[in-house]
Amino acid sequence: MPISGPTTVPMSYLPDAPLTNQNNPSNQSLSDQFRDLLKKIGSGIHTAKSLSREEAATATVLMLTEAATPAQIGAFMIAHRIKRPTPTELAGMLDTYDALGPHLSEIDAPYPVTVFCNPYDGRSRTAPITPLTALIMVAAGAPVVMAGGDRMPTKMGLPTAEIWQGLGLNWPALTIDQVQTVLAQTGLGFVYQPVHFPQAQAMVPYREQIGKRPTLATVEIMWSPYIGQSNLVSGYVHPPTEARTQDAFTQRGTSFFTTVKGLEGSCDIARDRTGIIGLNHLQAGTLETERLLLHPRDYGFHGSDPEITPLAELLAYYQAAFTGQPNEVSRSAVWNSGFYLWRVGRVDSLAAGFELSESLLTNNAVKDKLYEIRAAIDEAA
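Described in the following lines is the structure provided in the data block.

Analysis parameters
- Residues numbered from 1 in each chain as written.
- Predicted model: local features only at pLDDT ≥ 70, side-chain atom pairs only at ≥ 80, totals over all residues.
- Heavy atoms only, no water.
- Phe/Tyr/Trp six-rings, centres within 6.5 Å; stacked < 30°, edge-to-face > 60°.
- Helix = DSSP H or I, 4+ residues; strand = E, 2+ residues; numbered from the N terminus.
- Buried < 20%, exposed > 50% of the residue type's maximum accessible area, 1.4 Å probe, protein only.
- Expected span 1.5 Å × (residues − 1).
- Core = buried A, V, L, I, M, F, W, Y, C linked by side-chain atoms within 4.5 Å.
- Contact = heavy atoms within 4.5 Å.
- Pairing = 2+ DSSP bridges.
- Axes fitted to C-alpha atoms, helices over the stretch in contact; angles between N-to-C directions.
- Arc of directions from axis to C-beta.
- Parallel < 35°, antiparallel > 145°, perpendicular 65-115°, else oblique.
- Left-handed = near helix turned anticlockwise from the far one by under 90°.
- Right-handed = clockwise from strand over helix to strand, strands pointing away.

**Section: the packing of aromatic side chains**
(1) Moving on: Per the stated rule, a full pass over the model turns up 15 aromatic pairs.
(2) Moving on: Ring centres of F116 and Y340 lie 4.9 Å apart, and the angle between their planes is 80°; this geometry places the pair in the edge-to-face category. You can see F116 sitting in strand β2 (residues 113-117) and its partner Y340 sitting in helix α14 (residues 328-343), a full 224 residues away along the chain. Each member of the pair, F116 as well as Y340, carries the same accessibility label: buried.
(3) Moving on: Three or more aromatic residues joined by ring pairs make a cluster, and in this case those are F116, F339, Y340 and W342.

**Thoughts on helix α3 (residues 70-83)**
(1) Moving on: The end-to-end C-alpha distance of α3, which contains 14 residues, comes to 20 Å, matching closely the 20 Å that a straight helix rising 1.5 Å per residue would cover.
(2) Moving on: Here α3 has its buried residues at Q72, I73, G74, F76, M77, A79 and H80.
(3) Moving on: R84 sits one or two residues past α3 and shows a positive phi near 80°.

**Considering the nonpolar core**
(1) Moving on: W164, W171 and L188 are the most contacted members of the largest nonpolar core, which has 106 residues in total.
(2) Moving on: In terms of residue count, the dominant contributor to this core is α14 (seven residues).
(3) Moving on: The contact partners of W171, leaving out residues within four places of it in the chain, are W164, V179, V182, L188, G189, F190, H196, I373 and I377.

**Overview of the environment of A376**
(1) Moving on: Inspection of the secondary structure assignment puts A376 in helix α16 (residues 365-380).
(2) Moving on: Assessed through its relative accessible area of 6%, A376 is described here as buried.
(3) Moving on: Spatially, the C-alpha atom of A376 lies 9.7 Å from that of V179, the residues being 197 residues apart in sequence.
(4) Moving on: Contacts of A376, omitting those with residues within four sequence positions, involve V182, Q185 and T186.

**Let's talk about the sheet that holds β2**
The strands making up a sheet associate through backbone hydrogen bonding, with each pair oriented either parallel or antiparallel.
(1) Moving on: If you walk across this open sheet you meet the seven strands as β4-β3-β2-β6-β7-β8-β9, and the pairing is mixed. Whereas interior strands pair on both sides, the edge strands pair on one side only; in this sheet they are β4 (188-192) and β9 (286-294). Strand-to-strand, the axes of this sheet are offset by a mean angle of 20°, without reference to chain direction.
(2) Moving on: Sheet analysis places strand β3 (residues 144-148) next to β4, joined by five bridges and oriented parallel. From the neighbouring strand, M146 faces β4, where its bridge partner is F190.
(3) Moving on: The strands touched by helix α5 (residues 130-139) within the sheet are β2, β3 and β4, with β3 carrying the most contacts at an inclination of about 155°.

**A short note on α16**
(1) Moving on: In this model α16 runs 22 Å from its N-terminal to its C-terminal C-alpha over 16 residues, within 8% of the 22 Å that 1.5 Å per residue would give.
(2) Moving on: Along α16, the residues that are buried comprise V366, K369, L370, I373, A376 and I377. One side of α16 holds all its buried residues, which, seen down the axis, span an arc of 130°.
(3) Moving on: Where α16 is buried, its residues contact α5, α7 (176-186), β4, α13 (311-322) and α15 (350-362).

**Observations concerning the packing of helix α1 (residues 30-41) against α3**
(1) Moving on: Running from N to C, α1 and α3 cross one another at 25°; their axes reach a closest spacing of 9 Å. The orientation of α1 with respect to α3, classified from their angle, is roughly parallel. The chirality of how α1 crosses α3 is left-handed. Contacts between α1 and α3 involve S31, F34, R35, L38 and I41 from the first element and Q72, I73, A75, F76, A79, H80 and K83 from the second.

**What to know about the pairing of strand β6 (residues 230-236)**
(1) Moving on: Judged by how many residues are buried, β6 sits mostly within the fold: seven of seven residues are covered.
(2) Moving on: Here β6 shows no split at all, with S230, L232, S234 and Y236 on one side and N231, V233 and G235 on the other all buried.
(3) Moving on: Across five bridges, β2 lies against β6 in parallel orientation. Looking at β6, one finds that C117 is bridged to S234.
(4) Moving on: Relative to strand β7 (residues 256-261), β6 runs parallel, the two sharing five bridges. Residue pairing for β7: G235 is matched across the bridge by V260.
(5) Moving on: For the handedness criterion, the β-α-β arrangement of β6, helix α12 (residues 239-252) and β7 is classed as right-handed.

Have a look at this one:
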């Protein structure tokens, strides 16, 4: 099974040069450099041009370091949204996230680390399943990494961080090195943006001010803080997003990844409709994609996807699942974890994945794993 190796950013694309005015023959200020990039994408439908990968990386570093002015950052965000990012631009922006963001180093694991890239602005219609899916997977010995932050404009949906907090996992109390320790010990890691990636967090207020999701929201569902062999899972809503993701990952050499038309753009596979999934890997630099149509009825999982509830009620469903009491939330988690365990090679078939996931809930293995992770976080902090 092909898997993603350690991420490396081409040196020519590392966006460190714009941070100083060295090697700048025109002696432009940093804001002037950014203005030129803004003019390029913001000139209207007839004259606007796309950025190169290096230019997109430069624009992103000037935003994240706030070398560009607030007016420029807001203008870039809305102009880029209207123009729509190209795969090459997304590749460059991801280069900057790799260069400036936190890193979790490769751990010793028998299976690729599953990196769930859910929208940071959370859920407002359907119950988030991914945290329970992740706990089932790590209880099965298949590591998981996630990232996110607090309630975020414009959606202001329920974020993963609040669910972890409600389960007693205090990730915000940890440094990134301590998250690394917990990941190595337990198989689960969570990168909390407000603490671990403050440059990206500084961009959050612009979302409310412009009233729209910027391109950085797309970057979030594509970026992995984990440097090692992984299955990078990227959720989406609209089909063009999947195509852009596949192209951008191909340019970046991401060798093993999964694209999912998930609930509200998340990595959660629906139960009330056919799951549309892309099984992607690079073969000699060429993208090979298998389209998997996963029918819940074929495996006995057809039903309504659980609706969003107050956090306390959602946590009650989680707690019931930990004690082997099935409910619609736990059924969705078994449906998801069974697939993802199969995807990384933990089991030989989807049916075996569903069976293993359900058994881990009924024999208290998931509950025990939660306690283990909670103790590891408390000790690391």
